[in-house]
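Each chain, letter by letter, is given below.
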2 protein chains.
Amino acid sequence: MASPSTRRNIVAAADTLFYQKGFEHTSFADIAEAVAISRGNFYYHFKTKDAILDAVIDLRLSNTQAMLDQWEKEGEEPKDRILCFINILIANQANILLYGCPVGTLTTELTKLNHHSKERANEVFTLFRNWLRKQFSLLGLHKKSDALAMHVLARSQGVATLASAFHDEKFIRQEVRLMRDWLSSYTEGSI
Amino acid sequence: MASPSTRRNIVAAADTLFYQKGFEHTSFADIAEAVAISRGNFYYHFKTKDAILDAVIDLRLSNTQAMLDQWEKEGEEPKDRILCFINILIANQANILLYGCPVGTLTTELTKLNHHSKERANEVFTLFRNWLRKQFSLLGLHKKSDALAMHVLARSQGVATLASAFHDEKFIRQEVRLMRDWLSSYTEGSI
DNA sequence: GTCTATATTAAGATAGAC
DNA sequence: GTCTATCTTAATATAGAC
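Residues numbered from 1 in each chain as written. Chains lettered and ligands numbered in written order. Predicted model: local features only at pLDDT ≥ 70, side-chain atom pairs only at ≥ 80, totals over all residues. Heavy atoms only, no water.

- Going by what an unreviewed UniProt entry lists, chain A is known as TetR family transcriptional regulator and is assigned to Ketobacter alkanivorans.

Pasting the structure below:
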């Protein structure tokens, strides 16, 4: 591990390629080419494809947690924080139109592959779910907080899937507006 | 084509396997084994994997159209017909929990593979979309009919994705209830 | 730590007998 | 129309020199 930068470069390239091409369709050669190293060197850092996948999932987990912590600071009120989540559909619009949601598409693929890392990949969903649940609880919606968190997650997943299928940017904006209206119906008068 | 049944068996087996294991992860050997024929015989019926994919998409298109025609007959009112669509989340619950939505997961996979049949696979979505739009138009919601059709499609996609990720049957029932309530808010007094 | 071979395996695809 | 046998390619993975 004298050169952590090569390893980090591999994981970053794999992260992007798994998102754009899918896990199975991405070959070692693809990743090696993206990082501009030989396949031989590649195997010095990762023995198996599953090991890279685990490293990519670790990266996504820590990036997601960092983002949630950031939103926690940025948003004064729980409603503002939930809006941060809804707004990623707009912020990541360009990629979503091309490749869908990175979380949903990976867990879906790993499910079909019957891959043992599916549960770990799912933990990214769980981070969002628990964080959203916390915000809804802070709004006083304790009993419904988990159902509301799942509802928001599902809505954004559906938007990402259809926006990608039809390559429809206007649809994203339209649905984000509906989600904001929906959220307001739960927060009116509470701010 | 002296034995159409073998061909039909191949397409039916491929349809199921593409759904359960994904298109790329399904090998000719998998399909041949499911149909109990040799790989050599297999190639008599289909020259390439893409040809099987196209046949599977044809099958899904015609099955979907038949289902929509059936719903058109079954449902007296447009609202009842839209409820037929929402109810497939319940009817196909067992498979959705394991493999997600067959339409969404295939188009998502083909998008990542940059496969030329992606647009054709997407036509299944378009069948649902146009059919739902028609029902909303019949409800007098002409101007919003396409947005409402896309909204319903997105909601069901999101439910399928998360239900499969968390293997949560209760979540499906919960969201179907919300979708029914949502639909009622558009049809109150119109029946 | 990085490279150039090379081994191994699996899957798509074909040829030719019956 | 179905079979067995074989070809080809691509991808995972390893060995060993520098």
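What follows picks up the thread again.
## Brief notes about the overall build of chain A
Then comes step 1: Scanning chain A from terminus to terminus reveals ten helices and zero strands.
Then comes step 2: For chain A, the sequential pattern of α-helices and β-strands runs α-α-α-α-α-α-α-α-α-α.
Then comes step 3: For chain A, the C-alpha atoms occupy an extent of roughly 60 × 35 × 30 Å along the three principal directions.
Then comes step 4: By the burial criterion, 53% of the 191 residues in chain A qualify as buried.
Then comes step 5: If you take every contact in chain A between residues at least 6 apart in sequence, the share linking residues at least 24 apart comes to 69%.
Then comes step 6: Carbon together with sulfur atoms contributes 51% to the accessible area of chain A, which is approximately 8,900 Å² in total.
Then comes step 7: Counting 23 positive and 22 negative side-chain charges, chain A places the centres of these two groups 2 Å from one another. (Helix = DSSP H or I, 4+ residues; strand = E, 2+ residues; numbered from the N terminus. Buried < 20%, exposed > 50% of the residue type's maximum accessible area, 1.4 Å probe, protein only. Contact = heavy atoms within 4.5 Å. Areas by Shrake-Rupley, 256 points an atom, 1.4 Å probe, with all protein chains shown as cover. Lys, Arg positive; Asp, Glu negative; His and termini not counted. Charge placed at Lys NZ, Arg CZ, Asp CG, Glu CD.)

## What to know about the packing of helix α1 (residues 4-21) of chain A against helix α4 (residues 49-74) of chain A
Residues and elements named next belong to chain A.
Then comes step 1: Axis separation between α1 and α4 bottoms out at 9 Å; the angle between their running directions is 85°. Between α1 and α4, the angle falls in the class roughly perpendicular. For the pair formed by α1 and α4, the contact residues are Arg-7, Val-11, Ala-14, Asp-15, Phe-18 and Tyr-19 on the first element and Ile-52, Leu-53, Ala-55, Val-56, Leu-59 and Arg-60 on the second.
Then comes step 2: For the contact of α1 with α4, the per-class residue count stands at nine nonpolar, no polar and three charged. (Axes fitted to C-alpha atoms, helices over the stretch in contact; angles between N-to-C directions. Parallel < 35°, antiparallel > 145°, perpendicular 65-115°, else oblique. Nonpolar A, V, L, I, M, F, W, Y, C, P; charged D, E, K, R; others polar.)

## What about the UniProt feature "domain: HTH tetR-type" (unreviewed entry) in chain A?
Then comes step 1: Annotation from UniProt places "domain: HTH tetR-type" (unreviewed entry) at residues 4-64 of chain A.
Then comes step 2: This span, residues 4-64 of chain A, is 80% helix and 0% strand, and a straight line between its end C-alpha atoms measures 21 Å. (UniProt positions renumbered as here; feature names shortened; annotations may be inferred.)

## Notes on the relation of the copies chain A and chain B
Each copy of the chain is related to the other by a rotation around an axis and a translation along that axis.
Then comes step 1: The operation relating chain A to chain B is a screw motion whose rotation component is 180°, with 0.0 Å of axial translation and a residual RMSD of 0.0 Å. The superposition operator between the copies reduces to a two-fold rotation axis. Among all residues of chain A, the minimum C-alpha distance to the rotation axis is found for Gly-158 of chain A, at 1.9 Å.
Then comes step 2: When the interface residues of chain A are mapped onto chain B, 98% of them again lie at the interface, so the same face is used by both copies. (Least-squares fit on C-alpha atoms with pLDDT ≥ 70 in both.)

## With respect to the UniProt feature "DNA-binding region" (unreviewed entry) in chain A
Then comes step 1: Under the UniProt annotation, the feature "DNA-binding region" (unreviewed entry) is placed at residues 27-46 of chain A.
Then comes step 2: Within residues 27-46 of chain A, the helical portion is 75% and the strand portion 0%, while the C-alpha atoms at the span's ends are 13 Å from each other.

## Details of empty space enclosed by the protein
Then comes step 1: Considering all chains together, one arrives at five cavities of 30 Å³ or more under this definition.
Then comes step 2: When its volume is computed, the largest cavity comes out at roughly 260 Å³.
Then comes step 3: The wall of the largest cavity is formed by 26 residues, among which Thr-105, Thr-108 and Glu-109 of chain A together with Thr-105 and Glu-109 of chain B lie closest to the centre.
Then comes step 4: Those elements giving two or more residues to the lining of the largest cavity turn out to be α1 and α7 (102-113) of chain A together with α1 (4-21) and α7 (102-113) of chain B.
Then comes step 5: When residues in the lining of the largest cavity are grouped by element, the largest group, seven residues, is from α7 of chain A.
Then comes step 6: Of the residues assigned to the lining of the largest cavity, the class counts are nine nonpolar, eight polar and nine charged.
Then comes step 7: Of the voids in this model, the second largest cavity is the one considered here, and its volume is about 190 Å³.
Then comes step 8: Lining the second largest cavity are 20 residues, and of these Gly-104, Thr-108 and Thr-161 of chain A together with Thr-108 and Thr-161 of chain B lie nearest its centre. (1 Å grid on protein atoms, 1.4 Å probe; cavity = no way out; pocket = protein on both sides within 12 Å on 5 of 7 lines; lining within 4 Å. Points joined across faces, edges and corners; volume = space filled by probe spheres on them.)

## Some remarks on the pattern of salt bridges
All names here are of chain B.
Then comes step 1: A full pass over the atoms with the stated rule returns 18 salt bridges over all chains.
Then comes step 2: The salt bridge involving Asp-15 is made with Arg-60; its shortest N-O contact spans 2.7 Å. Of this pair, Asp-15 sits in helix α1 while Arg-60 sits in helix α4 (residues 49-74), and the two are 45 residues apart along the sequence.
Then comes step 3: A relative accessible area of 10% places Arg-60 in the buried class. (Salt bridge = Lys/Arg side-chain N within 4 Å of Asp/Glu carboxyl O.)

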